[in-house]
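# Chain and residue survey
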Amino acid sequence: MASRHVPKVKSTKGGSQCKERHMVLLTPVGKIKISGCEIGLHEIKVPKMSLLPSRAESTAMCEVYEGTEEMTEPLQQCMDWLYAYFCEPARTATLPVPAFHHPLLQQDSFTSKVLWTLLRDVKFGEAVSYKHLADLAGNSKAARAVGGAMRSNPIPIIIPCHRVICSSGQSGNYGGGNLMKEWLLSHEKLHQEKAAY
């Protein structure tokens, strides 16, 4: 698995004050809620998926549903990145990763190290086991801790916790539900196969 260069992501230490803004993006998998400030993204919330989208829904364009007023640069970058992810996946490799402004990603912890390693090393269309990600993050015996890190991920899809699967090849759990995880993995596989032709 080749490492990729992750564009510079601003991170600030300490608990600086910020004015949180919210945006809702309508996507093929439902409404994704995004929060952030002028410094960076705070969180992305994916909906729980109980049914797979219909063919028409899964090819739907992404659009801002709410929150276009006072959109910060990190929110705009997030919207652009998610739009590309769902509608033009090849572009995600060339787009800047939005800055993050979440305490978990600023800590010097194993969870933070796992999330940054995942963002940097596991590319679109790839999957990695919990154990292999533990190895990549420097602790081969911490596969269970990797699972905890995935549950704690505040920026799903951009930090691709859906790409972490069981050693058996089963998809494992996901905050947006197993159907969401399977849809995201299938979406990436399909677009990777299209790009190969």
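Shown above is the structure to which this text applies.
Residues numbered from 1 in each chain as written. Predicted model: local features only at pLDDT ≥ 70, side-chain atom pairs only at ≥ 80, totals over all residues. Heavy atoms only, no water.

Structurally, His102 can be placed in the loop between α2 (73-87) and α3 (103-106). A distance of 3.1 Å separates a polar side-chain atom of His102 from the backbone nitrogen of Leu104. Excluding residues within four positions of it along the chain, His102 makes contact with Leu41, His42 and Pro154. (Helix = DSSP H or I, 4+ residues; strand = E, 2+ residues; numbered from the N terminus. Polar contact = N/O pair within 3.5 Å; in protein donor to acceptor, adjacent residues only side chain to side chain. Contact = heavy atoms within 4.5 Å.)

Further remarks concern the pattern of salt bridges. Pairing is possible between side chains that carry opposite charge, provided their charged atoms lie close to one another. Tallied over the full model, the rule gives six salt bridges. Salt-bridge contacts for Lys45 lead to Glu43; the nearest nitrogen and oxygen are separated by 3.7 Å. On the basis of relative accessibility, which here comes to 46%, the residue Lys45 falls in the partly exposed class. Arg163 is the partner of Glu188 in a salt bridge, and the nearest nitrogen-oxygen pair spans 2.8 Å. A residue pair is termed long-range when its members are at least 10 positions apart, and Glu188 in helix α7 (residues 178-196) and Arg163 in the loop between α6 (143-152) and β6 (164-165) qualify at 25 residues. Classification of Glu188 by relative accessible area gives buried; the value is 1%. Classification of Arg163 as buried rests on a relative accessible area of 3%. (Salt bridge = Lys/Arg side-chain N within 4 Å of Asp/Glu carboxyl O. Buried < 20%, exposed > 50% of the residue type's maximum accessible area, 1.4 Å probe, protein only.)

Moving on, we get to the pairing of strand β3 (residues 41-45). Pairing of strand β2 (residues 30-36) with β3 involves four bridges; the strand directions are antiparallel. Counted as the bridge partner of Lys33 is Lys45 from β3. (Pairing = 2+ DSSP bridges.)

Once that is clear, we can look at the packing of helix α4 (residues 110-121) against α6. Packing of α4 against α6 leaves a shortest axis separation of 9 Å and a crossing angle of 75°. By the angle between their axes, α4 is roughly perpendicular relative to α6. Taking contact as the criterion, the partners of Phe110, Thr111, Val114, Leu115 and Leu118 in α4 are, on α6, Ala145, Val146, Ala149, Met150 and Ser152. Broken down by class, the residue content of the contact of α4 with α6 amounts to eight nonpolar, two polar and no charged. (Axes fitted to C-alpha atoms, helices over the stretch in contact; angles between N-to-C directions. Parallel < 35°, antiparallel > 145°, perpendicular 65-115°, else oblique. Nonpolar A, V, L, I, M, F, W, Y, C, P; charged D, E, K, R; others polar.)

Let us now look at the packing of aromatic side chains. Inspection of the entire model under this criterion finds five aromatic pairs. On the numbers, 6.0 Å between centres and 40° between planes, the contact of Phe86 with Trp183 is tilted. Pair noted here: Phe86 is in helix α2 and Trp183 is in helix α7, with a separation of 97 residues, a long-range link. Its relative accessible area of 12% is what places Trp183 among the buried residues. With 5.6 Å between their ring centres and 45° between their planes, Phe100 and Trp116 make a pair best called tilted. (Phe/Tyr/Trp six-rings, centres within 6.5 Å; stacked < 30°, edge-to-face > 60°.)

Read these as layout, nothing more, since geometry by itself doesn't imply function.
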